[in-house]
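Residue-level listing of the chains:
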Amino acid sequence: MPDSAAILEVHDLVKQYPTVTAVDGISFGVPEGTCFGLLGPNGAGKTTTIEIMEGILPPTAGEVRYRRESLGPRFREEAGILFQKTALQDFLTVRQSVALFRGLYERGLEVDEVLRLCALEKLASRDNRKLSGGQQQRLLLAIALVNDPKVLFLDEPTTGLDPQARRNFWELVASIKARRKTIILTTHYMEEAQLLCDEIAIMDGGRIIAQGAPQRLLSEHFAEVLLELPRHEFPEVARQLPLKLIDASDRVEISTHDLDGTLRALIDAHVPLRNLRIRPANLEDLFLELTGKELRA
Amino acid sequence: MMKRLLAVWHARNLEFLRDRPTLLFTLLLPLGVVISMGFIYGGPPRPLFTVGVLGTDVARHANPFLHERYVQSVPIHDAAAGLYKITHQSIDLLLDLDGTARYWVNTDSPKGYIVEKLLIAADPGARRQPVTGQAVRYVEWLFPGILAMNMMFSCLFGVGYVVLRYRKSGFLKRLHATPLSAFEFLSAQVLSRLSLILFVTALLYVLIAAIIHFHSAGSIGLLLLLAVIGSLSMIALGLTVAARFGSEEVVGGLLNLLTWPMMLLSGVWFSIDSSPRWVQWVADIFPLTQLIDAARAVMLDGAGLQRITPNLIYLAVTTLVFLAFGAWSFRWRVD
């Protein structure tokens with residue numbers, strides 16, 4: 001059940017389409033001032049869930065409440081949204097695009113302040129169609145921040161960005177988080193979720209299969225380290241060893257807290273170790289553990 | 001090279017053939033135009049002379065002159081309107097059958113000269129009432145229709161396609177996530193297009209009037225009022241078409257379905273007075289017909305507010321109906 005202190009509460013949400021149940025009876029709460037991540041592969045129901053929470057998609061059943069009220073004018077005034085895909089009006093500059101959205105809210109930040117926050121000052125006079133992918137996302141974030149929102153929705157904000165642009169964007173979101181904004185983030189980048197989220201809900205098939213703080217979830221499901229070996233180099237005979245094996249598409253992962261003992265067992269079983277990787281478990285491993293599927297499959 | 005060319009050619013053909021609405025319009029539109037024109041302008045050869053008749057239908061049918069070959073009689077119920085028509089040569093003779101037959105003929109009209117000879121041969125006792133006046137030049141007659149047609153295209157396509165593009169690109173969905181209401185969005189679109197179309201129409205009016213040496217017989221203020229209400233009606237119609245759909249093919253098809261009949265039947269290029277009555281009834285439904293009729297009345301005949309009030313009311317009512325329907329059926333996103 002949702003936390004009673006939550007700024008946003010989701011109660012028994014269902015979204016049914018003619019041939020598929022996109023969201024299948026989920027409930028959770030988002031505490032104020034936290035970054036809440038909805039994680040899952042494509043088709044898990046993340047975007048449908050977040051769009052219902054944003055108030056732009058009606059649920060088949062269930063309810064979303066903002067500050068204990070149904071979503072209404074107050075929510076519209078206090079929510080900032082960055083959709084997965086958004087086109088802006090043609091022939092407007094960056095400044096004009098931000099000013100257009102600033103004009104739609106009663107209260108908010110000055111246009112120049114938003115441009116500065118999102119490092120867009122030097123691009124203010126540029127046609128919004130002539131921005132790079134990373135610049136475009138910064139502009140969309142600026143638009144989402146223009147009303148100085150209490151709740152900020154970010155739906156897969158870094159999908160399609162190059163690694164550098166992605167890291168720049170994360171820094172930007174981290175600076176917004178430092179201003180005590182409540183952030184709801186959907187992503188299939190585990191690194192992004194681990195870096196930014198205080199709490200996550202992992203979705204698969206329209207349901208939440210795990211929820212909690214990332215580190216707590218990892219410590220609950222994994223021992224200290226993971227050993228990773230290419231699948232084609234892992235002999236069938238080694239599967240008889242008393243090890244906790246997780247099968248991914250191209251590799252086999254072994255979760256263990258006894259690294260020395262595990263390595264000895266592998267050597268004794270003549271498993272080639274030249275491509276062995278040893279690393280801490282991450283959310284991607286958690287998803288694989290919980291569903292038997294890879295997140296970006 | 002040929003292989004690549006054929007691959008693209010084949011894919012494009014498949015795309016075209018599977019795009020049913022476009023295919024249907026490509027085939028049906030020319031057929032529809034030809035069939036419509038056949039209905040409107042088909043039938044027996046047209047008469048050479050048009051005679052306006054004041055008097056009862058019985059008297060009109062009993063008059064042998066009006067049964068002469070190539071003479072068409074048109075009932076006229078108002079003597080002033082009849083005199084206006086004969087002065088501007090939109091009829092060739094005006095015949096009054098109440099009491100002793102008398103007729104008005106425009107001494108500046110060549111066709112009036114000939115049809116008068118026919119009348120005298122049939123009824124030598126008819127009393128002659130000469131009038132003078134030049135025919136309205138075709139370019140002047142065309143002028144209000146061209147302006148109105150330009151307004152129609154700008155209102156329908158300018159609004160319809162823009163809203164569709166906003167919806168398809170997701171821009172409407174983004175606006176929906178703000179406090180902006182559908183009414184506010186639609187009103188902004190209406191006002192934006194209205195101000196643009198009024199500016200463009202005023203500019204075109206000034207330029208064309210200067211080129212063809214045209215002076216409006218009626219009030220410019222009344223024309224402005226007519227332009228505002230006429231534009232609103234057609235912008236609202238454009239919004240109605242674009243309110244819900246997310247496909248260019250469907251919206252394009254519907255807009256063509258609306259604009260082509262209006263362009264052909266609303267009297268932009270030629271009068272449809274001599275077409276079948278049902279065609280005229282259909283034409284009267286179109287906002288463009290109401291706009292053009294009223295604009296011609298003001299610009300060419302010097303009509304006042306009272307005369308074009310029915311047209312203004314019709315345009316205002318259709319504006320409200322279209323806007324209400326558009327707001328009711330409006331969708332922010334592609335379903």
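Residues numbered from 1 in each chain as written. Chains lettered and ligands numbered in written order. Predicted model: local features only at pLDDT ≥ 70, side-chain atom pairs only at ≥ 80, totals over all residues.

**Side note on the overall build of chain A**
Argument step 1. Within chain A one finds 10 helices and 14 strands.
Argument step 2. Here the C-alpha coordinates of chain A stretch approximately 70 × 45 × 35 Å along the principal axes.
Argument step 3. When burial is assessed residue by residue, chain A has 38% of its 297 residues classed as buried.
Argument step 4. Within chain A, residue pairs in contact and separated by at least 24 positions form 70% of the contacts whose partners lie at least 6 positions apart. (Helix = DSSP H or I, 4+ residues; strand = E, 2+ residues; numbered from the N terminus. Buried ≥ 20, exposed ≤ 12 C-beta atoms within 10 Å, placed from the backbone. Contact = placed C-beta atoms within 7 Å.)

**Describing the overall build of chain B**
Argument step 1. Across its full length, chain B carries 13 helices and five strands.
Argument step 2. When its C-alpha atoms are laid out on the principal axes, chain B stretches across 80 × 50 × 40 Å.
Argument step 3. Counting only residues that meet the buried cut, chain B has 34% of its 335 residues in that class.
Argument step 4. Pairs at least 24 apart in sequence give 74% of the contacts found in chain B among residues at least 6 apart.

**As for the nonpolar core**
Argument step 1. Val98, Ala142, Phe153 and Ile184 of chain A are the most contacted members of the largest nonpolar core, which totals 67 residues.
Argument step 2. Here the element with the most residues in this core is helix α5 (residues 133-145) of chain A; it accounts for seven residues.
Argument step 3. Setting aside anything within four residues of it in sequence, one finds phenylalanine 153 of chain A in contact with Ile50, Met53, Glu54, Ala79, Ile81, Leu82 and Ile184 of chain A.
Argument step 4. Counting residues in hydrophobic clusters, the runner-up holds 56 residues, among them Ala236, Ala283, Met299 and Ile308 of chain B. (Core = buried A, V, L, I, M, F, W, Y, C linked by C-beta atoms within 7 Å.)

**Quick word on the domain arrangement of chain A**
Argument step 1. According to the domain assignment, chain A contains domain 1 (32-40 + 71-211) and domain 2 (223-280).
Argument step 2. The C-alpha centroid of domain 2 of chain A is placed 40 Å from the C-alpha centroid of domain 1 of chain A. (Domains from an automatic or database assignment.)

**A closer look at the sheet that holds strand β6 (residues 79-82) of chain A**
Residues and elements named next belong to chain A.
Argument step 1. The mixed open sheet is built from six strands, whose spatial order is β6-β7-β8-β3-β9-β10. Edge positions in the sheet fall to β6 and β10 (207-212), since each has one partner strand and no second. Averaged over all pairs of adjacent strands, the angle between their axes in this sheet comes to 15 degrees, without regard to strand direction.
Argument step 2. Strand direction decides the pairing type here: strand β7 (residues 151-155) and strand β8 (residues 182-187), joined by five bridges, are parallel. (Pairing = 2+ DSSP bridges. Axes fitted to C-alpha atoms, helices over the stretch in contact; angles between N-to-C directions.)

**Concerning the interface of chain A and chain B**
Argument step 1. Across the boundary between the two partners, chain A contributes 15 residues, which contact 10 residues of chain B.
Argument step 2. Here the side of chain A that touches chain B takes three residues from helix α2 (residues 73-78) of chain A, the largest share from any one element.
Argument step 3. Considering only residue class, the side of chain A that touches chain B consists of nine nonpolar, two polar and four charged. (Nonpolar A, V, L, I, M, F, W, Y, C, P; charged D, E, K, R; others polar.)

**What to know about the sheet that holds strand β5 (residues 127-131) of chain B**
Residue and element names in this part refer to chain B.
Argument step 1. Within the open sheet, the five strands sit side by side as β2-β1-β3-β4-β5. Their pairing is mixed. The outermost strands of the open sheet, each flanked by one partner alone, are β2 (71-75) and β5. Each strand axis lies, on average, 25 degrees off the axis of its neighbour in the sheet, ignoring direction.

**Details of unusual backbone geometry**
Argument step 1. Positive phi, normally seen in glycine, also occurs at alanine 119 of chain A, with a value near 55 degrees.
Argument step 2. By the element assignment, alanine 119 of chain A lies in the loop between α4 (111-117) and α5.
Argument step 3. Residue classification places alanine 119 of chain A among the partly exposed positions, given that 14 C-beta atoms sit within 10 Å.
Argument step 4. A positive phi angle, close to 60 degrees, is found at glutamine 89 of chain B, a residue other than glycine.
Argument step 5. One can find glutamine 89 of chain B in the loop between α4 (79-87) and β3 (93-96).

**Observations concerning the environment of serine 125 of chain A**
Residue and element names in this part refer to chain A.
Argument step 1. Inspection of the secondary structure assignment puts serine 125 in the loop between α4 and α5.
Argument step 2. For serine 125, a count of 9 C-beta atoms within 10 Å gives the class exposed.
Argument step 3. Along the primary structure serine 125 and threonine 93 are separated by 32 residues, whereas in three dimensions their C-alpha atoms are 5.4 Å apart.
Argument step 4. In contact with serine 125, other than residues within four places in its own chain, are Thr93 and Arg95.

**Concerning helix α1 (residues 2-18) of chain B**
Argument step 1. Helix length check: α1 of chain B (17 residues) gives 24 Å between terminal C-alpha atoms against 24 Å at 1.5 Å per residue, within 8%.
Argument step 2. Sparse coverage of α1 of chain B is indicated by the burial of zero of its 17 residues. (Expected span 1.5 Å × (residues − 1).)

**Thoughts on α5 of chain A**
Residues and elements named next belong to chain A.
Argument step 1. Here α5 spans 18 Å end to end across 13 residues, near enough to the 18 Å set by a 1.5 Å rise per residue.
Argument step 2. Judged by how many residues are buried, α5 sits mostly within the fold: 11 of 13 residues are covered.
Argument step 3. Among all positions of α5, only Gln135, Gln136, Gln137, Arg138, Leu139, Leu140, Leu141, Ala142, Ile143, Ala144 and Leu145 are buried.
Argument step 4. Taken together, the buried residues of α5 touch β6, α3 (94-102), α4, β7 and α6 (163-177).

**Some thoughts on the confidence of the model for chain B**
When pLDDT is low, close inspection of the predicted coordinates is not appropriate.
Argument step 1. Across chain B, the average pLDDT comes to 85, with 93% of residues at or above 70.
Argument step 2. Of all the helices and strands in chain B, helix α2 (residues 20-41) of chain B carries the lowest mean pLDDT, 69, while helix α9 (residues 220-242) of chain B carries the highest, 93. (pLDDT = per-residue confidence, 0-100.)

**Remarks on the environment of leucine 17 of chain B**
Argument step 1. For leucine 17 of chain B, the position within the fold is in helix α1.
Argument step 2. With 10 C-beta atoms counted inside 10 Å, the residue leucine 17 of chain B sits in the exposed group.

**Section: the packing of helix α6 (residues 138-169) of chain B against helix α8 (residues 182-212) of chain B**
All names here are of chain B.
Argument step 1. Put simply, α6 and α8 touch, their axes get as near as 10 Å, and they point 155 degrees apart. Considering the angle they form, α6 stands roughly antiparallel to α8. Considering only the axes of α6 and α8, their crossing is right-handed. Taking contact as the criterion, the partners of Val139, Glu140, Phe143, Leu147, Asn150, Met151, Ser154, Cys155, Gly158, Val159 and Val163 in α6 are, on α8, Gln189, Arg193, Ile197, Val200, Thr201, Leu204, Tyr205, Ile208 and Ile212.
Argument step 2. Looking at the contact of α6 with α8, its residues break down into 13 nonpolar, five polar and two charged. (Parallel < 35°, antiparallel > 145°, perpendicular 65-115°, else oblique. Left-handed = near helix turned anticlockwise from the far one by under 90°.)

**What about the packing of α9 of chain B against helix α10 (residues 248-265) of chain B?**
Residues and elements named next belong to chain B.
Argument step 1. Relative to each other, α9 and α10 sit at 145 degrees, their axes nearing to 9 Å. Considering only the axes of α9 and α10, their crossing is right-handed. For the pair α9 and α10, the contacting residues are Leu237, Val241 and Ala242 in the first and Val251, Leu254, Leu255 and Leu258 in the second.
Argument step 2. Partitioned by chemical class, the residues of the contact of α9 with α10 number seven nonpolar, no polar and no charged.

**A word on the pairing of β10 of chain A**
Residue and element names in this part refer to chain A.
Argument step 1. When strand β9 (residues 199-204) meets β10, the two strands line up antiparallel, connected through five bridges. Residue isoleucine 200 lies in a different strand from β10, and its bridge partner there is glycine 212.
Argument step 2. Counting the residues between successive antiparallel strands, the hairpin from β9 to β10 contains two residues, one of them, glycine 205, with a positive phi of roughly 60 degrees.

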